[in-house]
Amino acid sequence: MLQVSYIRDNREQVLERLAVKNFKQTELVDEILQLDDKRRQTQTSMDNVSAEANAAAKQIGDLMRAGKKEEAEGIKSKTGTWKEDIKKLGDQLALTEEELYQKLVLLPNLPHSSVPKGLTPEENEVILENGTKPELPAGALPHWELAAKYNLIDFELGVKITGAGFPVYKNKGAKLQRALINYFIDEAEKAGYSEVSVPLMVNEASGFGTGQLPDKEGQMYFVNEDKLFLIPTAEVPITNLYRDVILKGEDLPVKNCGHTPCFRREAGSYGAHVRGLNRLHQFDKVEIVQIVQPDRSYEVHEQMSAHVQGLLQNLGLPYRVLRLCGGDMGFAAALTYDMETWSAAQQRWLEVSSVSNFETFQSSRLKLRFRNAEGKTQLAHTLNGSALALPRIVATLLENNQTERGIRIPEVLVPYTKFEWID
RNA sequence: GGAGAGGUGUCUGAGUGGUCGAAAGAGCACGCCUGGAAAGUGUGUAUACGCCAAAAGUGUAUCGAGGGUUCGAAUCCCUCCCUCUCCGCCA
């Protein structure tokens, strides 16, 4: 959520930045500013009436204590309309605040100055490509066929017990999952992230805090009985740990990592591109989250990007890094890097990580603040990234590492899998 | 799930209609004391929004949340949420 005071002071700049995200509703911004004016005027009026009423109430109290009952009654008779006025102004204020809020949450975050203009994924900027795309042997198979051939993943069984997009991992397929999770967590801890294990269901306030609500409820599974959402990413519970928190300056940066399954309804996506592990309703992911001083967030963003790239390099996967264009970026992000690995059998890039800086967009909703050098409270910057999401990593590993002998496990994973080959 | 008790500031904890944004203690910060430290001692120590160019200052709101009664609510009433104790159930 953007802060009204910022919009008030920087209207032109805000409009210009929003345009990079292809958000061109000047009227909405102006309506927000008008509502803010109205809000402040209403509050001033109400505060003034309240001050008068408070003073009178105090006076009555003093007179009563002094035994001057009649004088007190005299003042009491004059208090008549105040209460009504306060109520009226209070209702008005609440209404205006609500209206303002409803419009304010429609504004996406302002993109960072490095974000390229553009509408579609094709306009994302490739900042670097690393690793060599493997030459696969003749008769190379896509991962869903490899998964069947080596009895690693059973998609049909998942359909039987739950539905499409809920695969059952078996044998070395299941062990590979655990190995990757442990490897990713260990690497994150080495980089200074402390592990948390969090609930997989969150309440509405949490969904709101990180920006999934209002708006994306359709993408989350919802347990109506208890009004809880299944998390679409660990970002939601982990970041919300710090909702309504004022951190000490020396507590920053906060660095957390955690593994969770993620649940996504993915309403409306079907077809060849979502075959196999390419798009699932449930998948495992290790997430890294940081809460930092505002002046350090872009530096940290680069560090997080480097961490994710390190994982891909260690796994021996060819990858590229994209700087998302305004049109492809998420609503809440100021800058996003996507990491994609090259899936050799499918001959396409697969997104395996997304690292974003949200600046104060999340923290303003979360009321996540820290005490700055002057001892004043200030909104912190939040960042998060996948490090990493499993299914597409598994897909690429299986496809890229297939040989006539079987599928070779990357060296860094062998201590975790305790086997070198899937054969 | 049943019965009871309770939610006050960073913490403990007082406060049943006015002098309460809130006693007292602890913690923390700064100062004094000290050769240095401990002890002692003094002062300070919530958040949000508004007014003000800004600092200073000042107004308003907040004692789990929301509503009500009243000139006036931490205190009385209603609804909801949460915590604890006992019983039941249970990985």
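Residues numbered from 1 in each chain as written. Chains lettered and ligands numbered in written order. Predicted model: local features only at pLDDT ≥ 70, side-chain atom pairs only at ≥ 80, totals over all residues.

## Concerning the protein's contact with RNA strand B
Working step 1: Taken together, 18 residues lie around RNA strand B, and Ser50, Ala51, Ala57, Ile60 and Gly61 are the ones closest in.
Working step 2: The element that contributes the greatest number of residues to the surface near RNA strand B is helix α3 (residues 26–65), accounting for 13 residues.
Working step 3: Residues belonging to the surface near RNA strand B are distributed by class as follows: six nonpolar, seven polar and five charged. (Near = placed C-beta within 6 Å. Helix = DSSP H or I, 4+ residues; strand = E, 2+ residues; numbered from the N terminus. Nonpolar A, V, L, I, M, F, W, Y, C, P; charged D, E, K, R; others polar.)

## Describing helix α13 (residues 390–400)
Working step 1: With respect to burial, α13 is a largely interior element, eleven of its eleven residues being buried.
Working step 2: Restricting attention to buried positions, one finds in α13 the residues Leu390, Pro391, Arg392, Ile393, Val394, Ala395, Thr396, Leu397, Leu398, Glu399 and Asn400. (Buried ≥ 20, exposed ≤ 12 C-beta atoms within 10 Å, placed from the backbone.)

## Here we look at the environment of leucine 93
Working step 1: Structurally, leucine 93 is set in helix α5 (residues 80–104).
Working step 2: Taking the C-alpha atoms as reference points, leucine 93 and methionine 46, 47 residues apart in sequence, are found 8.6 Å from one another.
Working step 3: Beyond its immediate stretch of four places on either side in the chain, leucine 93 contacts Arg39, Thr42, Gln43 and Met46. (Contact = placed C-beta atoms within 7 Å.)

## Let's talk about the sheet that holds strand β12 (residues 335–343)
Working step 1: Across the sheet, which stays open at both edges, the eight strands sit in the order β1-β11-β12-β13-β16-β10-β9-β4 with mixed pairing between neighbours. Here the strands that pair on one side only, and so sit at the sheet edges, are β1 (125–130) and β4 (194–195).
Working step 2: Pairing between strand β13 (residues 348–359) and strand β16 (residues 381–389): four bridges, direction antiparallel. Residue pairing in the sheet places asparagine 357 in a bridge with leucine 383 of β16.
Working step 3: Across the sheet, helix α8 (residues 171–190) lies against β4, β9 (254–263), β10 (282–292) and β16, angled at about 5 degrees from β10, the strand it touches most.
Working step 4: Helix-sheet contacts for helix α11 (residues 297–314) involve β1, β10, β11 (319–323), β12, β13 and β16, and the interaxial angle to β16 is about 5 degrees. (Pairing = 2+ DSSP bridges. Axes fitted to C-alpha atoms, helices over the stretch in contact; angles between N-to-C directions.)

## Structural notes on the nonpolar core
Working step 1: Judged by nonpolar contacts, the single largest core of 85 residues is most densely connected at Phe184, Val308, Ala387, Leu388, Ile393 and Val394.
Working step 2: Split by domain, this core shows at least three residues from each of two domains, domain 1 (4–104) and domain 2 (121–422). (Core = buried A, V, L, I, M, F, W, Y, C linked by C-beta atoms within 7 Å. Domains from an automatic or database assignment.)

## A few points about the domain arrangement of chain A
Working step 1: Taken domain by domain, chain A consists of domain 1 (4–104) and domain 2 (121–422).
Working step 2: Between domain 1 and domain 2, the C-alpha centre-to-centre distance is 44 Å.

## Topic: the sheet that holds strand β5 (residues 201–202)
Working step 1: Within the open sheet, the three strands sit side by side as β5-β7-β6. Their pairing is antiparallel. Two strands close off the open sheet at either side, each with one partner strand: β5 and β6 (222–223).
Working step 2: Pairing of β6 with strand β7 (residues 228–230), which is carried by two bridges, proceeds in the antiparallel orientation. What sits directly across from valine 223, in β7, is leucine 228.

## Observations regarding the packing of helix α2 (residues 11–20) against α3
Working step 1: Where α2 meets α3, the closest approach of the two axes is 11 Å, and the angle between their N-to-C directions is 145 degrees. Our pair here, α2 against α3, has a crossing hand that is right-handed. On α3, the residues touching Arg11, Val14 and Leu15 of α2 are Thr26, Val29 and Leu33.
Working step 2: The residue makeup of the contact of α2 with α3, split by class, is four nonpolar, one polar and one charged. (Left-handed = near helix turned anticlockwise from the far one by under 90°.)

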